[in-house]
Amino acid sequence: MIYALAKPLLFQLDAERAHGMTIAGLKTVPMGPAPQSDPILKTNFAGLEFPNPIGMAPGFDKNGEVPDSLIRLGFGYAEVGTLTPKPQAGNPKPRVFRLIEDRAVVNRLGFNNQGQDKAVARLKHMRSRMGRGILGINIGANKDSDDRIADYVTGVHNMAPLADYLTVNISSPNTPGLRALQDKDALEELLSAVMEARGENTVPVFLKVAPDLEPADVDDIVDVVSSQKLDALIVSNTTITRNDLKSRNQKETGGLSGAPLKEMAQQRLKDFRAASGGKVPLIGVGGIATAEDAYDRIRAGASLVQLYTGMIYEGPTIARCMASKLSKLLKRDGFKSVAEAVGADDK
C-alpha cells in the first residue's frame, strides 16, 4: 500500500536516481529477523540450504550494501554485484530507462561498481547480519582490462571467502566483447582458470549466460559446464532483442529486462534442460514478477529463481507475497517440496 502511493513519485525521478534512493531506504530496514517461509519452500541446492527459492538478481545491489535488508524483505537469497577487481564508473548517464507500458527496463550501466576491495570490507560485516539467507557474489571483468580471464581469477580469490556461492557473469551486453567469452574455446579457458583459482575452497560456482543464444551455443555451454564441473547455470541475463514494445524508450541501447523477456528466458531454460538431459542444475531469471511466473520456471526445470525488474513495478513486498502464493501452488498440485516440482512439465 505504501509503495503504491510512493511509486508515482519515484517514477517521476530519473530511474537511476530512484534506484539510489531505494538502496538508501533499504539501509533503514529494521534489524528484526527475516520472515519465516513455509517449510515446503526450503530448497537444497549446490550443497546450500535456501529458506525459499526466490532470490534478488544481481544488478540491484551492485556494491553489496543491502543483502541483509533484502533477506529481511523475504528473499531466500541475495546475489550482489557485478563486482569487478577495480572500481569503474560504467557508461555515461543517462543509462537506465523505464519502459512503463511494457513493465520493463533497459539498462546500459556497464558494470558500474566501487570495486572488490571496498566490497570485501562491507561484506565481512554483512555476513553476520544475513541470518539464514544465502549470499551470492557475482564477479566480472573490468572494461579496460588487458586480461579478462585474469580479472575473473582475481574475483575468485577476493570474493570466494565471503560468498555462499560465486557467479561468473559473462552475459552482460554492456561491456564490449564480454559475451564472446560464451564461445566454446574461450569459455573452456575461462572456466578452467576459475575452477583452478577456486582450489580447495568448496564454494559453489555458477555461470550466468545470455538469452540471445543459438541451439549450438546452448550445446557448447552445456558441454563446457559439465566438463568443468560447475555447480549450476543461471539462465538468463538481459536481452538485446526488441519485439513488439510500446514504450517510447524502446530504442534505447542496452539490455532489456522485465515482462518482455519472460517468454524468451523460459524457452532458453527449457533448452538448457533438454541439452543437459536435466543433469545441469538451473536457476531461472528473466521476466519473473509473480508466484505463477516462478512456478512456471520451476516446473520447466529451475530449482531457484531470481527477479529484479519485477520489484520495480510491484514493490518491496514482492518476495514475501510470491513465497506465500508459491507454497499454495505447490500444495495445490500435490508437491511436498520445491524439488519435487522441478522439471515437472517434462516428467
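So, a few notes on the structure that sits alongside this text. Along each chain, numbering runs from 1 in the same order as the chain's sequence is written. In keeping with the model being predicted, local features are shown solely for residues with a pLDDT of at least 70 and side-chain atom pairs are shown and tallied solely at 80 or more, while totals for entire chains, interfaces and linings include all residues. The side-chain values count all of the structure's non-hydrogen atoms but skip hydrogen atoms and water molecules.

1. A few points about helix H2 (residues 15-26)
And then number 1: Over its 12 residues, H2 runs 17 Å from end to end, which matches the ideal 16 Å to within 8%, given 1.5 Å per residue.
And then number 2: Turning to H2, its buried residues number three or more, namely Ala15, Glu16, Ala18, Ile23 and Leu26. Take H2 and look down its axis: the buried residues cluster within an arc of 155°, on one side only.
And then number 3: Those residues of H2 that are buried are in contact with helix H1 (2-10), helix H3 (67-72) and strand E5 (96-99). A run of DSSP states H or I qualifies as a helix once it reaches four residues; a run of E qualifies as a strand once it reaches two. Both are numbered from the N-terminal end. Each helix should span, by expectation, one fewer than its residue count multiplied by 1.5 Å. Here's how the labels work: a residue is buried when its accessible area is under 20% of the maximum for its type, exposed when over 50%, partly exposed in between, all with a 1.4 Å probe on protein chains only. When we speak of the arc, we mean the arc of directions from the helix axis to the C-beta atoms. Two residues form a contact once any of their heavy atoms are found within 4.5 Å.

2. As for the layout of surface pockets
And then number 1: A cavity, in this analysis, means grid points on a 1 Å lattice covering only the protein atoms where a 1.4 Å probe fits yet has no way out; a pocket is instead an open set bounded by protein on both sides within 12 Å along at least five of seven lines, and a residue lines either one if it has an atom within 4 Å of a point. Grid points are joined across faces, edges and corners, and a volume is the space filled by probe spheres set on the points. Volume-wise, the second largest pocket comes out at about 260 Å³.
And then number 2: Surrounding the second largest pocket, 15 residues form its lining, Phe97, Arg98, Ile100, Arg248 and Asn249 being those nearest its centre.
And then number 3: Sort the elements by how many residues they give to the lining of the second largest pocket and E5 lands first, with 4 residues.
And then number 4: Gly is placed with the polar residues, together with every amino acid not listed as nonpolar (Ala, Val, Leu, Ile, Met, Phe, Trp, Tyr, Cys and Pro) or charged (Asp, Glu, Lys and Arg). For the lining of the second largest pocket, the residue count by class is 8 nonpolar, 3 polar and 4 charged.

3. A closer look at unusual backbone geometry
And then number 1: In this structure, the amide linkage connecting glycine 81 to the following residue, threonine 82, adopts the cis form with an omega of 15°.
And then number 2: Assignment of secondary structure puts threonine 82 in strand E4 (residues 77-83).
And then number 3: Between valine 235 and serine 236 the backbone carries a cis peptide bond, its omega angle lying at 20°.
And then number 4: With respect to the secondary-structure elements, serine 236 resides in the loop between strand E10 (232-235) and strand E11 (255-258).
And then number 5: Here arginine 103, not a glycine, exhibits a phi torsion of approximately 50°, which is positive.
And then number 6: Checked against the element boundaries, arginine 103 lands in the loop between E5 and strand E6 (104-107).

4. What about the environment of aspartate 219?
And then number 1: Within the fold, aspartate 219 resides in helix H7 (residues 215-228).
And then number 2: Between the C-alpha atoms of aspartate 219 and phenylalanine 75, which are 144 residues apart in sequence, the distance is 32 Å.

5. Observations regarding the sheet that holds strand E8 (residues 165-169)
Sheets are built from strands paired through backbone hydrogen bonds, the pairs being either parallel or antiparallel.
And then number 1: Strand order in the closed barrel made by the 8 strands is E3-E4-E7-E8-E9-E10-E12-E13, with parallel pairing throughout. On average, each strand axis in the sheet is inclined to that of its neighbour by 25°, with strand direction left out of account.
And then number 2: Two elements, E4 and strand E7 (residues 134-139), share 5 bridges in a ladder whose sense is parallel. Note that in E7 the partner of leucine 83 across the bridge is isoleucine 139.
And then number 3: Along the sheet, helix H11 (residues 318-332) contacts strand E3 (54-56) and strand E13 (302-307); its crossing angle with E3, the most-contacted strand, is approximately 165°. At least two DSSP bridges between two strands are required for those strands to pair. Here the axes come from fitting lines to C-alpha atoms, over the contacting stretch only for helices, and the angles between their N-to-C directions go from 0 to 180 degrees.

6. Some words on the packing of aromatic side chains
And then number 1: For this analysis, a ring pair means two rings from Phe, Tyr or Trp (six-membered ring only for Trp) whose centres lie within 6.5 Å, classed as stacked if their planes differ by under 30 degrees, edge-to-face if by over 60, and tilted for the remaining angles. Applying the stated criterion across every chain yields a total of 7 aromatic pairs.
And then number 2: Ring centres of phenylalanine 45 and phenylalanine 206 lie 5.8 Å apart, and the angle between their planes is 70°; on these two criteria the pair is classed as edge-to-face. Here phenylalanine 45 is found in strand E1 (residues 43-45), whereas its partner phenylalanine 206 is found in strand E9 (residues 205-209), with 161 residues between them in sequence.
And then number 3: Residue class for phenylalanine 45 comes out buried when judged on its relative accessible area of 5%.
And then number 4: Among the aromatic residues, those joined into a ring-pair cluster are Phe45, Phe50, Tyr77, Tyr165 and Phe206.

7. Here's the deal with the packing of helix H5 (residues 148-159) against helix H6 (residues 184-198)
And then number 1: Packing of H5 against H6 leaves a shortest axis separation of 9 Å and a crossing angle of 25°. The angle between H5 and H6 places the two elements in the roughly parallel class. Note that H5 runs across H6; the crossing there is right-handed. Listed contacts from H6 to Ile149, Tyr152, Val153, Val156 and His157 of H5 are Glu189, Leu190, Ala193, Val194, Ala197 and Arg198.
And then number 2: Of the residues contributing to the contact of H5 with H6, the split by class is 8 nonpolar, 1 polar and 2 charged. Orientation is classified from the angle alone, with under 35 degrees giving roughly parallel, over 145 giving roughly antiparallel, 65 to 115 giving roughly perpendicular, and any other angle giving oblique. Crossings are assigned a handedness: left-handed for a near helix turned anticlockwise from the far helix by less than a right angle, right-handed for a clockwise turn.

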